[in-house]
Amino acid sequence: MEHLIKRILEQEKLDYKQIMKSTSGFTNVVYFVDSMVIKIALDEEKKKKLEKEINIYKNIKLNNIPQYIASGQFDNCLYLIISKVNGRGLFSVWHSLSDFEKEKCIEQISKVLKTFNNQNANFLDKEYKIYDWENFVIGKLKENKQGLDKLGIDTKKISYFIENNDLFKDNSYGLVYNDAHFDNFIYDNGNVSMIDFDRVIYAPIDYEMLIFKTMCDNPSKFASEEDEANVFDEDFVQVYDWFKKYYKELFMVPNIEQRIKTYQFNYLCEQALKMKNRAIGNQWAEELVNNFDV
């Protein structure tokens with residue numbers, strides 16, 4: 001694979017001194033080359049996601065994200081080259097920061113997300129744009145209900161909610177990052193940058209809170225194995241309130257808290273139904289339904 005990286009760098013006429021494979025990166029093969037990052041996709045599904053990320057880097061120019069350098073095809077792979085962001089993942093340093101430093105981080109995160117949400121989304125392929133939001137959310141709820149019914153779990157509360165809610169009729173659309181947890185924010189001497197854009201969609205902006213709020217509720221769920229030992233629930237108690245303080249516009253969406261709870265239920269229920277350990281998955285799903293109080 002390193003030979004492939006060298007050929008790509010030659011094709012782009014980019015000089016380098018050191019090539020190092022990243023130990024992270026779940027979607028693509030990732031290499032660090034001096035002050036650059038190279039992402040490589042080999043199969044068609046991953047290429048599709050990387051194409052979206054390439055379009056985002058070409059069209060979105062913000063100070064708090066990596067900068068586009070080059071992209072293209074080589075042999076049977078698709079590649080993206082961007083600038084490397086200095087620092088460490090926010091999960092790895094969060095426990096060591098003061099409350100003042102933590103709040104400043106959340107202020108920066110809220111600003112970069114707000115700016116991102118307000119970017120023009122015309123460049124995004126239509127398959128990543130969700131216009132009928134009510135049908136999207138309720139459709140997922142109906143799918144989850146079917147899965148729960150097969151397990152023999154009482155879903156009367158969910159049925160009633162499906163038939164008697166109007167939470168998702170009024171929407172404020174924008175470009176949604178859709179992956180706002182601390183592994184995707186890099187901390188460097190007080191500055192916070194945002195990385196990885198393969199989950200971006202065009203949707204109501206309050207959907208941004210699905211991952212962020214779920215992380216606040218259960219931070220270790222999103223932390224990598226090497227960071228888990230430093231992730232403590234008590235360090236996240238104020239995070240959500242800080243975010244609400246600095247991104248007030250998002251929380252002006254009608255019924256915002258009920259909407260977020262519904263997003264979380266769909267997300268967590270879907271995960272429970274897919275768990276390989278069926279006994280634990282079923283128990284988790286039943287607990288989610290019993291606590292369904294949107």
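Refer to the structure printed above.
Cut-offs applied
- Residues numbered from 1 in each chain as written.
- Predicted model: local features only at pLDDT ≥ 70, side-chain atom pairs only at ≥ 80, totals over all residues.
- Heavy atoms only, no water.
- Helix = DSSP H or I, 4+ residues; strand = E, 2+ residues; numbered from the N terminus.
- Rg over C-alpha atoms; globule rule 2.2 N^0.38 Å.
- Contact = heavy atoms within 4.5 Å.
- Areas by Shrake-Rupley, 256 points an atom, 1.4 Å probe, with all protein chains shown as cover.
- Polar contact = N/O pair within 3.5 Å; in protein donor to acceptor, adjacent residues only side chain to side chain.
- Pairing = 2+ DSSP bridges.
- 1 Å grid on protein atoms, 1.4 Å probe; cavity = no way out; pocket = protein on both sides within 12 Å on 5 of 7 lines; lining within 4 Å.
- Points joined across faces, edges and corners; volume = space filled by probe spheres on them.
- Nonpolar A, V, L, I, M, F, W, Y, C, P; charged D, E, K, R; others polar.
- Phe/Tyr/Trp six-rings, centres within 6.5 Å; stacked < 30°, edge-to-face > 60°.
- Buried < 20%, exposed > 50% of the residue type's maximum accessible area, 1.4 Å probe, protein only.
- Lys NZ or Arg CZ within 6 Å of the ring centre and 35° of its normal.
- Salt bridge = Lys/Arg side-chain N within 4 Å of Asp/Glu carboxyl O.
- Axes fitted to C-alpha atoms, helices over the stretch in contact; angles between N-to-C directions.
- Parallel < 35°, antiparallel > 145°, perpendicular 65-115°, else oblique.
- Left-handed = near helix turned anticlockwise from the far one by under 90°.

**What about the overall build of the protein?**
Right, on to step 1. Scanning the protein for helices and strands turns up 10 helices and 10 strands.
Right, on to step 2. Taken over C-alpha atoms, the radius of gyration comes to 20 Å for the protein, in line with the 19 Å a tight globule of 294 residues would show.
Right, on to step 3. With the C-alpha coordinates of the protein rotated into their principal frame, the extents come out at 60 × 45 × 40 Å.
Right, on to step 4. If you take every contact in the protein between residues at least 6 apart in sequence, the share linking residues at least 24 apart comes to 70%.
Right, on to step 5. Carbon and sulfur atoms make up 45% of the accessible area of the protein, which amounts to about 15100 Å² in all.

**Focus: the side chain of arginine 259**
Right, on to step 1. Relative to the helices and strands, arginine 259 resides in helix H9 (residues 256-274).
Right, on to step 2. For arginine 259, the side chain forms a polar contact with the side chain of aspartate 206, separated by 2.9 Å.
Right, on to step 3. Not counting residues within four places of it along the chain, the set of residues in contact with arginine 259 comprises Trp133, Leu167, Phe168, Asp170, Asn171, Pro204, Asp206, Val253 and Pro254.

**Points about the pairing of strand E4 (residues 68-74)**
Right, on to step 1. In the sheet, E4 pairs with strand E5 (residues 77-83) via 6 bridges, with the strands oriented antiparallel. Among the inter-strand pairings, phenylalanine 74 is bridged to a residue of E5, identified as cysteine 77.
Right, on to step 2. Hairpin connection between E4 and E5: a loop of 2 residues separates the two successive antiparallel strands, and aspartate 75 in this loop has a positive phi of roughly 55°.

**Digging into the layout of surface pockets**
Right, on to step 1. In this structure, the second largest pocket spans a volume of roughly 280 Å³.
Right, on to step 2. Lining of the second largest pocket is provided by 15 residues; of these, Lys261, Gln264, Phe265, Asn291 and Asp293 occupy positions nearest its centre.
Right, on to step 3. For the lining of the second largest pocket, the elements supplying multiple residues, two or more each, are helix H7 (209-217), H9 and helix H10 (278-290).
Right, on to step 4. With 6 residues, H9 is the single largest residue contributor to the lining of the second largest pocket.
Right, on to step 5. Its residues assigned to classes, the lining of the second largest pocket shows 7 nonpolar, 2 polar and 6 charged.

**Focus on the packing of aromatic side chains**
Given two aromatic rings, their pairing is described by the distance between the two centres and the angle made by the two planes.
Right, on to step 1. In this structure the tally under the stated criterion is 25 aromatic pairs.
Right, on to step 2. Relative to phenylalanine 236, the ring of phenylalanine 182 lies with its centre 5.5 Å away and its plane at 35°, an arrangement referred to as tilted. Placement of phenylalanine 182 in the loop between strand E7 (173-176) and strand E8 (185-188) and of phenylalanine 236 in the loop between H7 and helix H8 (239-246) is noted, with a sequence separation of 54 residues between them. One exposure class covers both phenylalanine 182 and phenylalanine 236, and it is buried.
Right, on to step 3. Taken together, the aromatic side chains of Tyr57, Phe116, Tyr177, Phe185 and Phe197 make up a single cluster linked through ring pairs.
Right, on to step 4. Positioned above the aromatic ring of tyrosine 240 is the side chain of lysine 213, whose terminal nitrogen or guanidinium carbon lies 5.0 Å from the ring centre.

**Structural notes on the pattern of salt bridges**
Right, on to step 1. Enumeration over the complete set of coordinates arrives at 18 salt bridges.
Right, on to step 2. A salt bridge links glutamate 103 to lysine 245; the nearest nitrogen and oxygen atoms lie 2.8 Å apart. Of this pair, glutamate 103 sits in helix H4 (residues 99-117) while lysine 245 sits in helix H8, and the two are 142 residues apart along the sequence.
Right, on to step 3. For glutamate 103, a relative accessible area of 18% translates into the label buried.
Right, on to step 4. For lysine 245, a relative accessible area of 43% corresponds to the partly exposed category.

**Some thoughts on the packing of helix H5 (residues 133-150) against H9**
Right, on to step 1. For the pair H5 and H9, the least separation of the axes is 10 Å and the interaxial angle reads 40°. Judged on the interaxial angle alone, H9 and H5 are oblique. Of the two possible hands of crossing, H5 and H9 adopt the one that is left-handed. Contacts between H5 and H9 pair Trp133, Val137, Lys140, Leu141, Asn144, Gly147 and Leu148 from the former with Arg259, Thr262, Tyr263, Phe265, Asn266, Cys269, Glu270 and Leu273 from the latter.
Right, on to step 2. Looking at the contact of H5 with H9 residue by residue, the class counts come to 8 nonpolar, 4 polar and 3 charged.

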